[in-house]
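In case you want the letters, here they are:
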Amino acid sequence: VLRDDWRATARGLAVDLSALDAVDLASRLTLLNLMVGPVGRWYVRPAVLLLCAAGLLLPTVARLPSLWLWLTWLTALRVLGSWPQVDNHAYLLSYWCLALAITHALDNGRVLRLNGRLLIALVFVLATLQKAVFAPDFLDGRFFRFTFVTDPRFEAVTRLVGGMDAATLEQNRQFLLRDRHGDRTEGRTFTEPPAFRAMVAVSTWSVLALEALIGMAFLVSWPRALHRARDALLIAFCATTYAVAPVPGFGWLLVVMGIAQADERQEWVRPGYLVAWALILAYEYVPWASMLLD
Amino acid sequence: MTRWTRRALPWVPTLLLLVIAVAHAVLVHRYDLSRWLGGGFGMFSTTDSSSSRHVHAFTMADDGARTEIELPAELDELVRHTRVLPTPSAVDRLSAVIARLPGAAGRPVHVEVWQTTYDTVTMAPSSRLLRAGTTKAVPSATR
């Protein structure tokens, strides 16, 4: 009886999900994102949370252009108030709220679809250009060699996958961070196990390849197969990257923009994006790498 | 709402992203803005993040000798700002603020912003001076 109940529930959820209007779903999910990952300082956060709560409780409020204009202004204020020290997805959130405001003002779902697709495309094209063309130390692996060792958020992964024991990790960390006017590193070396080198190489090239493919897939509709695979690529990116990258707000935003532009005829796409959303939430709260390490 | 407005409005968020990305490129090129910040989507692309930069302040004695002064916690925000976007005016502003601190003892203050880079093979760190500036002595500060 329980199994039948579960099946009926799952079928009902899938039907409900596919019946939802893309703009409504994207609007609600954006509000939910802002509730689970509140943004801004004291002069922004309470107002953002109140507006989001109102929008989630009252569906008609979530369709008001003025709600989205206020959220655009507040998220822009967050960027301006901490400029230039805010993360890139703070800018993206503001552009997205503006896109939602314009969509609701024009009452045209195609506007959100266009913006979802173009914003994702440009984010990934720019990220690819920064890594492959402009940054001096990404392609040669220095970025990940440095980050995996010095960023404590990657420690568990570095030990688990990179095979670097705690003592070597600490020694390497001290080696990299000792350069502070006068501290010298003579007599010390940066020690890398083969698994760590492999992890750096795989991370460098897979991140670059995946980001370039996603940028292309969303920007142009040729090759057709790549364009049709864009949702699968973005879902795969979100489901894997945010397992280690500590910026869930960025991941959730990409998921919402992905849903907004997705082809509704592909039934698996919406559930796929929502699974990615849930995974990012789980990554944020479940210390999976540390648990595996233990 | 005119027809032209209805046609133009949908493109505004995308155009905004592009304009800010171009501004980011200009600030990186001219004023060494960290690629991680500024809306250019250069996060996770380089070791040159805020934490790889360091700011030092020195008081200058009459004979030219320099003494490093510890930066107080209340200047953290200003120091962080100067570290990630070391424009000449930001460095001047920071050195002027430090010159008014009792620790500067009325002497000229010299501020330097450094970036740590890493050797391609050995990963040995070394520093590169991004920007420096000196503020003259502040008469009101006590020596």
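Residues numbered from 1 in each chain as written. Chains lettered and ligands numbered in written order. Predicted model: local features only at pLDDT ≥ 70, side-chain atom pairs only at ≥ 80, totals over all residues. Heavy atoms only, no water.

1. Some remarks on the interface of chain B and chain A
Move 1: Between chain B and chain A, the residue contacts involve 52 residues of the former and 45 residues of the latter.
Move 2: Buried area between chain B and chain A, summed over both chains or domains, comes out near 4,500 Å², and the portion from carbon and sulfur atoms is 66%.
Move 3: Of all residues in chain B, Phe-41, Phe-44 and Met-123 of chain B give up the largest surface area on contact with chain A, accounting jointly for 18% of the area buried on that side.
Move 4: Counting every contact that joins chain B to chain A gives one salt bridge.
Move 5: Across the pair Arg-41 of chain A and Glu-77 of chain B runs a salt bridge whose closest N-O atoms are separated by 3.4 Å.
Move 6: Put simply, chain B and chain A have 16 residue pairs in polar contact (both at pLDDT 80 or more) between them.
Move 7: Breaking the side of chain B that touches chain A down by element, the ones donating at least two residues are α2 (12-31), β1 (53-60), α3 (76-84), β3 (109-118) and β4 (125-135) of chain B.
Move 8: For the side of chain B that touches chain A, the element with the highest residue contribution is α2 of chain B, accounting for ten residues.
Move 9: Looking at the side of chain B that touches chain A, its residues break down into 26 nonpolar, 19 polar and seven charged. (Contact = heavy atoms within 4.5 Å. Buried area = accessible area lost by both parts, 1.4 Å probe. Salt bridge = Lys/Arg side-chain N within 4 Å of Asp/Glu carboxyl O. Polar contact = N/O pair within 3.5 Å; in protein donor to acceptor, adjacent residues only side chain to side chain. Helix = DSSP H or I, 4+ residues; strand = E, 2+ residues; numbered from the N terminus. Nonpolar A, V, L, I, M, F, W, Y, C, P; charged D, E, K, R; others polar.)

2. Remarks on the packing of aromatic side chains
Move 1: Counting across every chain of the model gives 16 aromatic pairs over all chains.
Move 2: Among the aromatic residues, those joined into a ring-pair cluster are Phe-138, Phe-143, Phe-144, Phe-148, Phe-154 and Phe-196 of chain A together with Trp-36 and Phe-44 of chain B.
Move 3: Of note, Lys-131 of chain A hangs over the ring of Phe-138 of chain A, and the distance from its end group to the ring centre comes to 5.8 Å.
Move 4: Geometry around Phe-58 of chain B places Arg-66 of chain B over its ring, the cationic atom sitting 4.0 Å from the centre. (Phe/Tyr/Trp six-rings, centres within 6.5 Å; stacked < 30°, edge-to-face > 60°. Lys NZ or Arg CZ within 6 Å of the ring centre and 35° of its normal.)

3. Section: the pairing of strand β2 (residues 66-69) of chain B
Residue and element names in this part refer to chain B.
Move 1: Bridge analysis of β1 against β2 gives four bridges, and the strand direction is antiparallel. Note on β2: the bridge partner recorded for Phe-58 is Glu-68.
Move 2: Where β1 folds back onto β2 in an antiparallel hairpin, the turn is made up of five residues, including Gly-64, whose phi is positive at roughly 95°. (Pairing = 2+ DSSP bridges.)

4. Details of helix α14 (residues 248-261) of chain A
Move 1: Here α14 of chain A contains 14 residues, and its C-alpha end-to-end distance of 20 Å stays within 8% of the 20 Å for a straight helix at 1.5 Å per residue.
Move 2: Of all 14 residues making up α14 of chain A, 13 are buried, and the element is well covered by its neighbours. (Expected span 1.5 Å × (residues − 1). Buried < 20%, exposed > 50% of the residue type's maximum accessible area, 1.4 Å probe, protein only.)

5. Some thoughts on the sheet that holds β2 of chain B
Residue and element names in this part refer to chain B.
Move 1: What the four strands build is an open sheet, ordered β2-β1-β3-β4; its pairing is antiparallel. Looking at strand neighbours, the two that pair on one side only are β2 and β4, the edges of this open sheet. Neighbour-to-neighbour, the strand axes of this sheet turn through a mean angle of 35°, independent of strand direction. (Axes fitted to C-alpha atoms, helices over the stretch in contact; angles between N-to-C directions.)

6. Brief notes about the packing of α3 of chain B against helix α4 (residues 88-99) of chain B
When two helices pack together, their arrangement is given by the angle between their axes and by how far apart the axes lie.
Residue and element names in this part refer to chain B.
Move 1: It is at 9 Å that the axes of α3 and α4 come closest, and there the two elements cross at 150°. Judged by the inter-axis angle, α3 sits roughly antiparallel to α4. For α3 against α4, the interelement crossing comes out left-handed. Contacts between α3 and α4 involve Leu-78, Val-79, His-81 and Thr-82 from the first element and Ala-90, Val-91, Arg-93, Leu-94 and Val-97 from the second.
Move 2: Residues belonging to the contact of α3 with α4 are distributed by class as follows: six nonpolar, two polar and one charged. (Parallel < 35°, antiparallel > 145°, perpendicular 65-115°, else oblique. Left-handed = near helix turned anticlockwise from the far one by under 90°.)

7. Thoughts on a nonpolar patch on the surface
Residues and elements named next belong to chain A.
Move 1: Together, Leu-160, Val-161, Tyr-285, Val-286, Trp-288, Met-291 and Leu-292 line one region of the surface with nonpolar side chains, adding up to about 680 Å² of accessible area.
Move 2: When residues in the nonpolar patch are grouped by element, the largest group, three residues, is from helix α16 (residues 288-293).
Move 3: Note on placement: Leu-292 falls in helix α16.
Move 4: For Leu-292, a relative accessible area of 56% corresponds to the exposed category. (Patch = residues over 30% accessible without salt bridge, like charges linked within 9 Å, V, L, I, M, F, W, Y side chains within 5 Å. Areas by Shrake-Rupley, 256 points an atom, 1.4 Å probe, with all protein chains shown as cover.)

8. So, the pattern of salt bridges
Residues and elements named next belong to chain A.
Move 1: Scanning the entire structure with this criterion turns up 15 salt bridges over all chains.
Move 2: Its salt-bridge partner being Asp-140, residue Arg-142 comes within 2.8 Å of it at the nearest N-O pair.
Move 3: Owing to a relative accessible area of 12%, Arg-142 belongs among the buried residues under this scheme.
Move 4: Taking the shortest distance from any N to any O, the salt bridge between Arg-173 and Glu-155 comes out at 3.6 Å. Residue Arg-173 is found in helix α10 (residues 166-177), and its partner Glu-155 is found in helix α9 (residues 155-160); the two are separated by 18 residues along the sequence.

9. Details of the packing of helix α13 (residues 230-244) of chain A against helix α15 (residues 269-285) of chain A
All names here are of chain A.
Move 1: The interhelical angle for the contact between α13 and α15, taken along N-to-C directions, is 10°, at an axis separation of 9 Å. If you check the angle between α13 and α15, you find them roughly parallel. Seen from α13, the contacting residues are Asp-231, Leu-234, Ile-235, Cys-238, Ala-239, Tyr-242 and Ala-243; seen from α15, they are Val-269, Gly-272, Tyr-273, Ala-276, Leu-279, Ile-280 and Tyr-283.
Move 2: Here the residues of the contact of α13 with α15 are counted per class, giving twelve nonpolar, one polar and one charged.

10. Brief notes about the environment of Phe-124 of chain A
Residues and elements named next belong to chain A.
Move 1: Residue position: Phe-124 is located in helix α7 (residues 109-134).
Move 2: Placed 21 residues apart in sequence, Phe-124 and Arg-145 show a C-alpha to C-alpha distance of 22 Å.
Move 3: In contact with Phe-124, not counting residues within four places along its chain, are Glu-211, Ile-214, Gly-215, Leu-234, Phe-237 and Leu-254.

11. Details of the nonpolar core
Move 1: In this structure, Leu-92 and Trp-96 of chain A are the most contacted members of the largest nonpolar core, which totals 93 residues.
Move 2: The greatest single-element share of this core, amounting to ten residues, is contributed by helix α6 (residues 88-106) of chain A.
Move 3: Setting aside residues no more than four positions away along its own chain, Leu-92 of chain A makes contact with Leu-119, Val-123, Phe-250, Leu-253 and Met-257 of chain A together with Leu-17 and Phe-41 of chain B.
Move 4: With 15 residues, the next largest nonpolar core counts Ala-57, Leu-78, Ala-104 and Val-113 of chain B among its residues. (Core = buried A, V, L, I, M, F, W, Y, C linked by side-chain atoms within 4.5 Å.)

12. Quick notes on the confidence of the model for chain A
Move 1: Averaged over every residue, the pLDDT of chain A is 92; the share at 70 or more is 97%.
Move 2: At the low end of the mean pLDDT range in chain A sits α16 of chain A, at 72; at the high end sits α6 of chain A, at 98. (pLDDT = per-residue confidence, 0-100.)

13. A short note on the side chain of Asn-172 of chain A
Residues and elements named next belong to chain A.
Move 1: Within the fold, Asn-172 resides in helix α10.
Move 2: With a relative accessible area of 0%, Asn-172 lands in the buried category.
Move 3: In contact with Asn-172, other than residues within four places in its own chain, are Val-149, Met-164, Thr-189, Phe-190 and Thr-191.

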